[in-house]
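Structure at a glance
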Amino acid sequence: MNKDLIETLKSNLEKEQATLKKELESFAVEDKDVKGNWDAKRTNAEDTDMEEKADEVEEYDNKLSLEHSLELKLRDVSSALEKIANNTYGKCEKCEKEIEEARLLAFPEAKLCMACNK
């Protein structure tokens, strides 16, 4: 694979990684004991209004869902960056053939080539 392309994809992945971490940090804290795990922050409202408490529970539930999605995306982006560092980037994890450049440009954290992704 072209070194300039790898550098471009690496740069894009690093930017994506920073963006994902920043977004996660806005409502969650990184778990120091489990690599790649984040914990959504709970709001600790003291009021007794049941409707407000129900809203808080719903908001926390939404945060958990978003946290999970962002964690998965961050894991894939970080994995791609590790592969670049180990010179294993761009190889399909299933058939071990080169992943198409167009696919990597569109989805730089791709783990599978188009044929294996079906």
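This text goes with the structure placed above it.
Anyway, here's the lowdown on the structure attached to this text. (Residues numbered from 1 in each chain as written. Predicted model: local features only at pLDDT ≥ 70, side-chain atom pairs only at ≥ 80, totals over all residues. Heavy atoms only, no water.)

Moving on: the overall build of the chain. The helix and strand tally for the chain stands at four helices and two strands. When the helices and strands of the chain are placed in sequence order, the string is α-β-β-α-α-α. Entry remark: accessible area of the chain is about 8,200 Å², with carbon and sulfur atoms responsible for 49%. In the chain, the 20 positive side-chain charges and the 30 negative ones have mean positions that sit 9 Å from each other. (Helix = DSSP H or I, 4+ residues; strand = E, 2+ residues; numbered from the N terminus. Areas by Shrake-Rupley, 256 points an atom, 1.4 Å probe, with all protein chains shown as cover. Lys, Arg positive; Asp, Glu negative; His and termini not counted. Charge placed at Lys NZ, Arg CZ, Asp CG, Glu CD.)

Right, let's talk about the nonpolar core for a bit. Core analysis: the largest hydrophobic core is formed by 24 residues, its most contacted members being L13, L24, F27, I84, Y89 and L104. Those elements giving two or more residues to this core turn out to be α1 (3–25), β2 (38–40) and α2 (50–85). It is α2 that contributes the most residues to this core, seven residues altogether. If near-sequence neighbours (up to four positions away) are discounted, F27 is found in contact with D39, A40, K41, K63, L66, E67 and L70. (Core = buried A, V, L, I, M, F, W, Y, C linked by side-chain atoms within 4.5 Å. Buried < 20%, exposed > 50% of the residue type's maximum accessible area, 1.4 Å probe, protein only. Contact = heavy atoms within 4.5 Å.)

In the structure shown here, the tally under the stated rule is one cavity of 30 Å³ or more. By volume, the largest cavity is sized at about 30 Å³. What lines the largest cavity is simply D76, S79, A80, K83, Y89, P108, E109, A110 and K111. Here the lining of the largest cavity is built from residues that sort into four nonpolar, one polar and four charged. (1 Å grid on protein atoms, 1.4 Å probe; cavity = no way out; pocket = protein on both sides within 12 Å on 5 of 7 lines; lining within 4 Å. Points joined across faces, edges and corners; volume = space filled by probe spheres on them. Nonpolar A, V, L, I, M, F, W, Y, C, P; charged D, E, K, R; others polar.)

So, on to the side chain of D31. Residue position: D31 is located in the loop between β1 (28–30) and β2. K32 is the oppositely charged side chain nearest to the buried, salt-bridge-free D31, at an N-O distance of 8.5 Å. Looking at D31, its side chain comes within polar contact range of the main-chain nitrogen of D33, at 2.8 Å. Not counting chain neighbours up to four residues away, the residues in contact with D31 comprise N37, W38 and D39. (Salt bridge = Lys/Arg side-chain N within 4 Å of Asp/Glu carboxyl O. Polar contact = N/O pair within 3.5 Å; in protein donor to acceptor, adjacent residues only side chain to side chain.)

All right, on to unusual backbone geometry then. Phi is positive for N87, close to 60 degrees, though the residue is something other than glycine. With respect to the helices and strands, N87 occurs in the loop between α2 and α3 (101–106). We classify N87 as exposed; its relative accessible area is 71%. Look at E96: it is not a glycine, yet its phi comes out positive at around 70 degrees.

Right, let's talk about the side chain of E109 for a bit. The topology assignment puts E109 in the loop between α3 and α4 (114–117). Take E109: its relative accessible area is 5%, and that puts it in the buried class. Once residues within four sequence positions are removed from consideration, E109 is found in contact with L13, K73, D76, V77 and A80.

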